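# Survey of secondary and tertiary structure
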Amino acid sequence: MNNSHTAKLTIFFSLLLIVLSLLLYTKIQLSQKNRKPANHVALNLTIINGELSDKKAIYDELLGHKISSTEIYGLTNSLDKLFDFRTAKPKDSYKLCLNPDKSINKFIYQASPYDVYVAVKTTENAFSTYKEAVYINKVQATKTFTLKSSLYQAIAAGGERDSLANSFADIFSWDIDFFLYPQPGDTIKIYYEKYEKAGELIKYGKVLGAQYIGKEKTFSAFLYNNGKNEAYYDLEGNPLRKMFRKMPLEFGRISSTFNLKRFHPILRRIRPHLGTDYASYYNAPVQATGTGSVSFSGWLGGYGNLVIIRHPNGYETYYGHNSKNLVRTGQQIDQGQTIALVGSTGQSTGPHVHYEVRCRNIPINPSSLKTISLHSLTGNELSNYKQGIEKQVALLNSNKDMVFAKNTQKENNLVKNVFKNIFSMVNKIFIFA
Ligand SMILES: [Zn+2]
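No experiment lies behind these values; they were computed from the predicted model shown. (Residues numbered from 1 in each chain as written. Predicted model: local features only at pLDDT ≥ 70, side-chain atom pairs only at ≥ 80, totals over all residues. Heavy atoms only, no water.)

## A closer look at the overall build of the protein chain
If you tally the helices and strands in the protein chain, you get 7 helices and 23 strands. Going through the 433 residues of the protein chain one by one, you find that 40% of them count as buried. Taking as baseline every contact in the protein chain between residues at least 6 positions apart, the subset at least 24 positions apart corresponds to 61%. (Helix = DSSP H or I, 4+ residues; strand = E, 2+ residues; numbered from the N terminus. Buried < 20%, exposed > 50% of the residue type's maximum accessible area, 1.4 Å probe, protein only. Contact = heavy atoms within 4.5 Å.)

## What to know about the coordination of the zinc ion
Around a metal, the perfect tetrahedron of four donors has angles of 109.5 degrees, and the perfect octahedron of six donors has angles of 90 or 180 degrees. Taken together, His273 (NE2), Asp277 (OD) and His354 (ND1) make up the protein donors of the zinc ion, found 2.0 to 2.2 Å from the metal. Donor residues binding the zinc ion come from one chain and are separated in sequence as H-x3-D-x76-H. A residue pair is termed long-range when its members are at least 10 positions apart, and aspartate 277 in strand 12 (residues 276-279) and histidine 354 in strand 20 (residues 352-359) qualify at 77 residues. Aspartate 277 sits in the buried class, given a relative accessible area of 6%. (Donors = N, O, S within 2.8 Å, 3.2 Å for Na, K, Ca; no water.)

## Quick look at helix 5 (residues 162-171)
Working note: α-helix, 3.6 residues per turn, so residues spaced by three or four point in the same direction. Regarding helix 5, the residues found buried are Leu164, Ala165, Phe168, Ala169 and Ile171. Along helix 5, the residues classed as buried sweep out an arc of 160 degrees about the axis, all on the same side. Buried residues along helix 5 sit in contact with strand 6 (134-146), helix 4 (151-157), strand 7 (187-197), strand 8 (200-213), strand 9 (218-225) and strand 10 (230-233). (Arc of directions from axis to C-beta.)

## Details of the nonpolar core
Ranked by size, the top nonpolar core spans 39 residues in total, and within it Phe168, Phe172, Ile188 and Ile190 carry the most contacts. Contributions of two or more residues to this core are made by strand 6, helix 4, helix 5, strand 7, strand 8, strand 9, strand 10 and helix 6 (379-397). With 6 residues, strand 8 is the largest single contributor of residues to this core. The contact partners of isoleucine 190, leaving out residues within four places of it in the chain, are Ala141, Thr142, Lys143, Phe145, Ile155, Leu164, Phe168, Val207, Gly209, Ala210 and Leu396. (Core = buried A, V, L, I, M, F, W, Y, C linked by side-chain atoms within 4.5 Å.)

## Focus on the packing of aromatic side chains
One pass over the structure, following the stated rule, counts 17 aromatic pairs. A ring pair is formed by phenylalanine 83 and phenylalanine 85, whose centres lie 5.0 Å apart and whose planes are at 90 degrees; its orientation type is edge-to-face. Looking at phenylalanine 83, the relative accessible area reads 7%, which means it is buried. Seen from their ring centres, tyrosine 319 and tyrosine 355 are 5.5 Å apart, and the 40 degrees between their planes marks the pair as tilted. Of this pair, tyrosine 319 sits in strand 16 (residues 315-322) while tyrosine 355 sits in strand 20, and the two are 36 residues apart along the sequence. Each member of the pair tyrosine 319 and tyrosine 355 is classed as buried. Cluster of aromatic residues (ring-pair linked, three or more members): Phe83, Phe85, Tyr94, Phe107, Tyr109 and Tyr117. Lying across the ring of tyrosine 195, lysine 203 places its NZ or CZ 5.0 Å from the centre. (Phe/Tyr/Trp six-rings, centres within 6.5 Å; stacked < 30°, edge-to-face > 60°. Lys NZ or Arg CZ within 6 Å of the ring centre and 35° of its normal.)

## Let's talk about the sheet that holds strand 17 (residues 324-325)
Here we have 3 strands laid out as an open sheet, ordered 13-19-17, and antiparallel in their pairing. Lying at the two open borders of the sheet, with one neighbouring strand each, are strand 13 (285-287) and strand 17. Where strand 17 meets strand 19 (residues 338-341), 2 bridges bridge the pair, whose relative direction is antiparallel. Counted as the bridge partner of lysine 324 is leucine 341 from strand 19. (Pairing = 2+ DSSP bridges.)

## Considering the sheet that holds strand 5 (residues 127-131)
In space, the 5 strands of this open sheet follow the order 1-2-3-4-5, with antiparallel pairing throughout. The open sheet has two edge strands with one neighbour each: strand 1 (46-51) and strand 5. Recorded for the sheet is a direction-independent mean angle of 15 degrees between the axes of neighbouring strands. Inspection of the sheet shows strand 4 (residues 115-121) paired to strand 5 by 5 bridges, in the antiparallel sense. Its bridge partner lying in strand 5, tyrosine 117 is registered against lysine 131. Contacting strand 3 (104-112), strand 4 and strand 5, helix 3 (residues 69-79) runs over the sheet at an angle of about 40 degrees to strand 5. (Axes fitted to C-alpha atoms, helices over the stretch in contact; angles between N-to-C directions.)

Okay, structure coming up:
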């Protein structure tokens, strides 16, 4: 026998072995699926579905179902190797199958969608236990939501959860103030990933594309990965995530930096300087360093004439000592827009802008702000991007709610589909005990 002949035989027998294993696996699956319901009917089991309540250990929970303490100890001891009940959390769910004599037949404990533990009664107070293999499908979906009162209301009315609304709001946070902008009748479209177990949502994956269709303007965002990092871009390839500009002035020089132990020239004592001062000339334009909305415009003590702009993600920027403020509270501001004129009002020794950045009201050093800015896509990258989003744009424009890549295989098709399933498994996350 030559080498190629041996190789052919090896391949043939390997394939035969794989086919036989698959058929055996399928047969076991079918017989298990057929047996389970029959068992339940024959034994007349009582099924109790429950959730662990606040401050109640599994022991008390099961006692509440009139299970004897000996049996509960038997159960928890058997499961101990797999799951530490001290880590059990409120809202963990369980399924209790009781025999007609109210003893446990089977107990299933779900610590998370991925962690499901099963205990099956073998002899009196003894259980065989295992961790269930969990199959999670990743699907993609498109959905259109109509806004009546708020973004959250619209997403909930469409049968989705707050976390999807959060992701959506985050993507557009630099362009849309979701407290002010939305109007009844506005439309929201999202193309997103979902992780499902037996058709039930486990969690959301990435938002791949999104649109906000307002009365005057449509905002679009599509996820693009250039091989290094991912970001959202509009239809023209401009990034949605905008960064702060370095300075609130076109020209200026730093006259005082952020310093928590500065000796104050007017007060003549140590007083933290919570921002950066930019010296300039009277009535030079003061420019907003980022898009946002004016949360304050007026006189405030030592700040003199002050403008405060609220930005996404809890950021606020302060522009103090202005000779004149040019904006009013509530006004939407673009990055670079002139909001005031340089002055020396309040506690000030000369014309300058006191520029302060706060995150959730805590002053931070403006120079520590991330200045890595995303550039608009150009050239090859732009054409790749535009080609890539064509299908997504068409899907969103179709206004149809759709779900893709969903595995809708029926039990009696299991044999026929067994090969197909092997391939579709690539798309699944497999978690085995
Ligand atoms: Zn200052």
